[in-house]
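# Tertiary structure, described
Each chain is listed here by its residues.
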Amino acid sequence: MFWVFWLSIAFIAYTLVGYPTLLWIASQLGRRRQVRGDIVPRVSIIVVGHNEASLISDKIVNTQALDYPSDKLEILVGSDGSTDATVEIVRSFAGRGVKLVESVERLGKHHIQMLAREASRGEILVFTDASIRVEPDVLRKMVSHFADPRIGAVCSVDQVLEPKKGWRGEHFYVYGEMGLRRLEARVGSLVSLSGALFAVRRDVADHWHPDMSSDFFLALHTVEHGYHGVIDPECRARLGIVKSQKAELTRKVRTIVHGLVVFFSHLSLINPFRYGLFAWQLVSHKLFRWMIPFAVAAVFISNVLLWNAGRFYQLTLLVQLVGCATALLAHMGGALAKFRIVRLANFFVLGNVATFIAWWKFCRGEKLVTWEPSQRN
């Protein structure tokens, strides 16, 4: 039990602290030189969604306002079995260069992205969500990275808008994830892209998986094609925060299930003899993070069995019990939920619960191809 306890502690510490620290050290030892240029390749912007009537008009207007030559830009909007006015709204923009890609049957976001990709003509493909709003100069900034022939993918930085009230747990994940991606891009390549807004070279998207998350498998395809994926801190995708803890749990379960499907379909990328540092990044960032709940369970169980081993182990068990109780109180709301440390404990427990559920669904063969978008403030 001593070995189980301490090895589990070491695993959690490495995944949450050690890996980011090693990335930071590696980034200080040497950074890849950034090459950018004022280029204007043909770009296809692909927006897909299901029942986005309340958002799609504003999204199209926001996209048309981008500072980019109109003869080099095409906008494709995919409707995934929408039953509201989404299709009619998109058709009303046909005279202004917006192309509709429609599926009467609901097949899933990534399947409609594939259909839109097949209908597009751009050298650079940009994928974004209907709920995302961007500044006019974002597209030029993203495209400028492709002046470097080594760059195959570019993604934005997610920016969660501060709510006046409600669930804030998503902040912890987004801010931590964005920092980790910056370090990964400096050392090697991005392990995953931001689904809110990202761009790839067309050849990176040649091989498509209609039942997998494009923001993950395209990051892996980028490396398979010999390119690097980077993140641009100046390109910000503004997100409303998920409205509730229940919605956050659902979102995390879905995201992790998608991630597990992609990861285990691309196991060749964890070969360090072929992919070097990227193999380490992929395992540490994704697989190890998804294994944290099992390590947490091992720590708790072994700690219970070590109760008679001394006061140290009694104290560590009490700390765990207090942490769980704190998370439960935060989940129930009330005055305690206002404190950052309480919200952090709640977010950690919520994340572990979501990961357990995701593993269960993945092992049962579920892929969650279709889903309802998270409701955001």
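Here is what the cut-offs are and how they apply
Residues numbered from 1 in each chain as written. Predicted model: local features only at pLDDT ≥ 70, side-chain atom pairs only at ≥ 80, totals over all residues. Heavy atoms only, no water. Buried < 20%, exposed > 50% of the residue type's maximum accessible area, 1.4 Å probe, protein only. Helix = DSSP H or I, 4+ residues; strand = E, 2+ residues; numbered from the N terminus. Pairing = 2+ DSSP bridges. Salt bridge = Lys/Arg side-chain N within 4 Å of Asp/Glu carboxyl O. Axes fitted to C-alpha atoms, helices over the stretch in contact; angles between N-to-C directions. Contact = heavy atoms within 4.5 Å.

Turning our attention to the pairing of strand β4 (residues 124-129). Taken across its 6 residues, β4 has 6 buried, putting it largely inside the fold. Residue alternation in β4 divides its side chains into two sets, Ile124, Val126 and Thr128 and Leu125, Phe127 and Asp129, and both sets are buried. With 6 bridges joining them, strand β1 (residues 43-49) and β4 adopt parallel strand pairing. Residue pairing for β4: Ser44 is matched across the bridge by Leu125. Across 5 bridges, β4 lies against strand β6 (residues 197-201) in antiparallel orientation. Paired with Thr128 across the two strands is Leu197, which belongs to β6.

Per the stated rule, a full pass over the model turns up 17 salt bridges. One salt bridge connects Arg181 with Glu177, and the closest N-O pair in it is separated by 3.2 Å. Separated by 4 residues within a single helix, Arg181 and Glu177 lie in helix α6 (residues 169-187), roughly one turn from each other. Of the two residues examined, Arg181 and Glu177, each falls in the buried class. Several salt bridges converge on common partners, so that one network encompasses Asp38, Asp67 and Arg140.

Quick look at the sheet that holds strand β5 (residues 151-160) now. Strand order in the open sheet formed by 7 strands is β3-β2-β1-β4-β6-β5-β7, with mixed pairing between adjacent strands. The open sheet terminates on both sides in strands that have one partner only, identified here as β3 (98-103) and β7 (228-239). The average angle at which neighbouring strand axes cross in this sheet is 20 degrees, direction not considered. When β5 meets β6, the two strands line up antiparallel, connected through 3 bridges. Among the inter-strand pairings, Val154 is bridged to a residue of β6, identified as Ala199. Relative to β6, helix α7 (residues 214-224) is tilted by about 35 degrees, and along the sheet it contacts β4, β5, β6 and β7.

Distances and angles like these do not, on their own, reveal function.
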